[in-house]
Structures are given as structure tokens and as C-alpha cells.
Amino acid sequence: MRVLVVKTSSMGDVLHTLPALTDAANCVPNITFDWVVEENFTQIPSWHFAVDKVIPVAIRRWRKNWFSKTIRQERHDFINNLRQQQYDVIIDAQGLIKSAFFITRKARGIKHGLDRKSIKESIASWFYDIKHNIPKQIHAIERIRLLFAQSLQYDLPNSTGDYAIARHFLSSLPSDNQQYLVFLHATTRDEKHWTEDAWRQLIKLIEPTGLKVKLPWGAPHEQQRAIRLAQGFDHVEVLPKLSLNDIATVIAGAKAVVSVDTGLSHLTAALDRPNITLFGKTDPMLIGGYGKNQYSIISPEKIMRTINANQVYQKLDAFL
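These lines cover the structure that appears in this document, whether it is placed above or below. (Residues numbered from 1 in each chain as written. Predicted model: local features only at pLDDT ≥ 70, side-chain atom pairs only at ≥ 80, totals over all residues. Heavy atoms only, no water.)

1. Some remarks on the overall build of the protein chain
Then, in step 1: The helix and strand tally for the protein chain stands at 13 helices and twelve strands.
Then, in step 2: Over its C-alpha atoms the protein chain spans a radius of gyration of 21 Å, differing by no more than 12% from the 20 Å that the globule rule assigns to 320 residues.
Then, in step 3: Along the three orthogonal principal directions, the C-alpha set of the protein chain runs to about 60 × 50 × 40 Å.
Then, in step 4: Considering the protein chain as a whole, with its 320 residues, one finds that 53% of them fall into the buried category.
Then, in step 5: Long-range contacts, defined here as pairs at least 24 residues apart, represent 60% of the contacts in the protein chain between residues at least 6 apart.
Then, in step 6: Surface summary for the protein chain: the accessible area is close to 14800 Å², and the carbon and sulfur share equals 48%.
Then, in step 7: Here the protein chain carries 40 positive and 31 negative side-chain charges, and the mean point of each set is 6 Å from the other. (Helix = DSSP H or I, 4+ residues; strand = E, 2+ residues; numbered from the N terminus. Rg over C-alpha atoms; globule rule 2.2 N^0.38 Å. Buried < 20%, exposed > 50% of the residue type's maximum accessible area, 1.4 Å probe, protein only. Contact = heavy atoms within 4.5 Å. Areas by Shrake-Rupley, 256 points an atom, 1.4 Å probe, with all protein chains shown as cover. Lys, Arg positive; Asp, Glu negative; His and termini not counted. Charge placed at Lys NZ, Arg CZ, Asp CG, Glu CD.)

Structural data, given as C-alpha cells:
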């Protein structure tokens, strides 16, 4: 059986889809997957053993200049590539109008997705041949696992979902494996940031343990924050700009991770590394860290600055 998965973004949402593939691979003999995903996240599906072909799409980039000659040609080439394969099943796990209209409806095969009561954008369900009712008040990963189970007609396993990508990195772990921590300090929304003073207080508390702290970054302003956090501390390393694959390798080798609510915190969960994620307004019950050794510290006031470094260190101390 050949299945097309449509789950294009964001990073966390793409990672949330992996356990459903593992379920299906364990329950359906000889199943393989192709996966349509945003071009910035193409590495993620390739880490899973059941994925045969990754099909990049660039809706985020295309919509900036949708009608230009170059973008029209890229869209044409994408559709031609997509339609080369006849699929047994197509599962739109994105559930948005953009995925249903521009991707799912153009692919060849029986199209499955959420029904109008289960989906975020109800119009998207018009483009599915078979619609599934999935409860909203369960974790995002469990929703996708249930969607796959219903679409492919197998019983959902009772066990916790398995991302099945940690094994991909076992052979390429850093030489200082397990002797450092990773602090994921960068996120896109201001209200999700922890204060720089709090990060530096936590870094100071770590110093007597002898562990190093590694600070990744993606954008120039995040690099500058990392430099400020590391200033005056010999045990802190500001990493160079890394690919997603390289960041995953660094995280896979960490003793533990402390993170704000960001895509890389979900990558940490997918890599089975101990992780403490700090939450302000976001409710972790539906989209928080899922898997082994995933812990949340939630501000009662829903304000990140009210989480103090001692509180985080006490939770982290269990891993140290």
C-alpha cells in the first residue's frame, strides 16, 4: 500500500505526525509513505524509516509573489510531480484550506481528512472523499494517530506513540555525548520568551555541575541573544548556524534540554531526550511535549517572567 501524507508545516506539527506513521508501519504490512512538506522541513520526514519519497512544497514562499512567472512555473512543476503517482490512500493531516485546495485535491487517490466538526477550517473538509470525526480535546499527536488509524482501518495501539527517529542519529552523536545541556532560548512570539536575566541565572546555577551549555540559534537576533546569555561564562558555547539535521544531532547527544515553547522543543521530544519546557499563555495539554521524560513548567499567572531559575534548576537537577 502506498500512502500520501499531506502535512506541510509547522515544524512541531510535522514532528507530531511521525508517531502515526510508526503505528501504520507496525499495523499495515508493506505500507510505504510519500510526504508533502514545506521545503524548510524536508529533512524531518526523511528521518523516518517508513517514508520513501519527500515532496517539497513552497506555499509559504510562493504566496509572497504568487503570480510571478517563476512561481507559476514552480507550482506547475510541483503539481506534475505530485500527480505522477496513483495513491491507495491520501491523508490530509494539515486540515487547512491551503493544503486541501492546493495539494490534496490535486493528488490522485482516495482522499481522507477531518470532518467539518473536527477541523480548524471547515471548508477544507469539502475536498475529502472520506471524512473522519476526531475529538478536539486530546493531544495533537493522538488526534493524528487516530486519523491515520481510521483512514487505514487498523486499531489504534494502546501504547504511547513512537516517533521512531532517535535511531537515525545514534551513529552520529557528538564525541562529548551526554556531557552537555542544550538551552533552546529562541521562539517566534514575544510572550513565549523567558527573560535573559532568568536564563543567565540558570546558566550560573549549572556552572558547579561541570556540564557545558550549548546555545543554538537560527536568526541573527537570536545569535545576538545567545552571545549576551553566554557573556562571562566559560562553560557556555554559542553554536554556529546549523542545519536542522545538525541541530537534531546536537540535541540527540545532550544530557537534557531546557526550552521555551518552540519547534525545537518538539524535536527534543521526538529524539527522546529529557526536556523541560517553559509555558506562559500556551496550554501544554493539547500541544505540549509528548513522549519520554517530557516535563512542563507552567506559569500560574500565564506570564513567562514569573518562572524563576531556581524552579527550573530543581526540576533539571533530577537529570543531572
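Read on for the rest.
2. Concerning the pattern of salt bridges
Then, in step 1: With the rule as written, the count across this model stands at ten salt bridges.
Then, in step 2: Here R145 ties to E142 by a salt bridge, and the two come within 3.2 Å at their closest N and O atoms. Placement of the pair is R145 and E142 together in helix α6 (residues 140-152), with a separation of three residues, close to one helical turn.
Then, in step 3: R145 gets classed as buried once you look at its relative accessible area, which sits at 1%.
Then, in step 4: Note that K192 and D261 form a salt bridge whose closest N and O atoms lie 3.1 Å from each other. On the criterion of sequence distance, the pair formed by K192 in the loop between β7 (180-184) and α8 (196-206) and D261 in the loop between β10 (256-260) and α11 (263-270) is long-range, its members being 69 residues apart. Of the two residues, K192 and D261, both sit in the buried class. (Salt bridge = Lys/Arg side-chain N within 4 Å of Asp/Glu carboxyl O.)

3. Remarks on the packing of α8 against helix α13 (residues 309-316)
Then, in step 1: Between α8 and α13, whose axes approach to 9 Å, the crossing angle comes to 40 degrees. The pairing of α8 with α13 is recorded here as oblique in orientation. Note that α8 runs across α13; the crossing there is right-handed. Counting all contacts with α8, which are made through A198, Q201, L202, L205 and I206, the residues of α13 involved are A309, N310, V312, Y313 and L316. (Axes fitted to C-alpha atoms, helices over the stretch in contact; angles between N-to-C directions. Parallel < 35°, antiparallel > 145°, perpendicular 65-115°, else oblique. Left-handed = near helix turned anticlockwise from the far one by under 90°.)

4. Description of the sheet that holds strand β8 (residues 212-215)
Then, in step 1: Read across the open sheet, the six strands follow the order β9-β8-β7-β10-β11-β12; overall the sheet is parallel. Unpaired on one side and paired on the other, β9 (236-238) and β12 (294-298) mark the two borders of the sheet. Neighbour-to-neighbour, the strand axes of this sheet turn through a mean angle of 20 degrees, independent of strand direction.
Then, in step 2: Where β8 and β9 come together, three bridges link them in parallel fashion. If you follow V213 over to β9, its bridge partner there is V236.
Then, in step 3: Set on the sheet, helix α9 (residues 220-230) makes contact with β8 and β9; between it and β9 the angle comes to about 160 degrees. (Pairing = 2+ DSSP bridges.)

5. Focus: the packing of helix α10 (residues 244-252) against α11
A pair of packed helices is captured by two measures, namely the crossing angle of their axes and the spacing between those axes.
Then, in step 1: Axis separation between α10 and α11 bottoms out at 10 Å; the angle between their running directions is 55 degrees. Classed by the angle they form, the pair α10 and α11 counts as oblique. Read as a crossing pair, α10 and α11 show a hand that is right-handed. Side by side, α10 and α11 meet where L244, I247, A248 and I251 of the first sit next to L264, L267 and T268 of the second.
Then, in step 2: Each residue belonging to the contact of α10 with α11 can be placed in one class, and the counts come to six nonpolar, one polar and no charged. (Nonpolar A, V, L, I, M, F, W, Y, C, P; charged D, E, K, R; others polar.)

6. Focus: α8
Then, in step 1: Residues A198, W199, L202, I203 and I206 constitute the buried set of α8. All buried residues of α8 lie within an arc of 140 degrees about the axis, which places them on one face of the element. Residues of α8 that are exposed and point more than 90 degrees away from the buried face comprise D197 and K204.
Then, in step 2: Close packing links the buried residues of α8 with β7, β8, α9, β9, β10 and α13. (Arc of directions from axis to C-beta.)

7. Focus on the pairing of strand β1 (residues 2-6)
Then, in step 1: Most of β1 sits out of view: five of its five residues are buried.
Then, in step 2: Burial along β1 is two-sided: the face carrying R2, L4 and V6 and the face carrying V3 and V5 are both buried.
Then, in step 3: Pairing of β1 with strand β2 (residues 32-38), which is carried by five bridges, proceeds in the parallel orientation. When the sheet's bridge partners are listed, V5 is paired in β2 with W35.
Then, in step 4: As a crossover connection, the stretch from β1 through helix α1 (residues 11-27) into β2 is right-handed.
Then, in step 5: Across four bridges, the pairing between β1 and strand β4 (residues 86-92) is parallel. Paired with V3 across the two strands is V89, which belongs to β4. (Right-handed = clockwise from strand over helix to strand, strands pointing away.)

These figures come from the coordinates and say nothing about function on their own.
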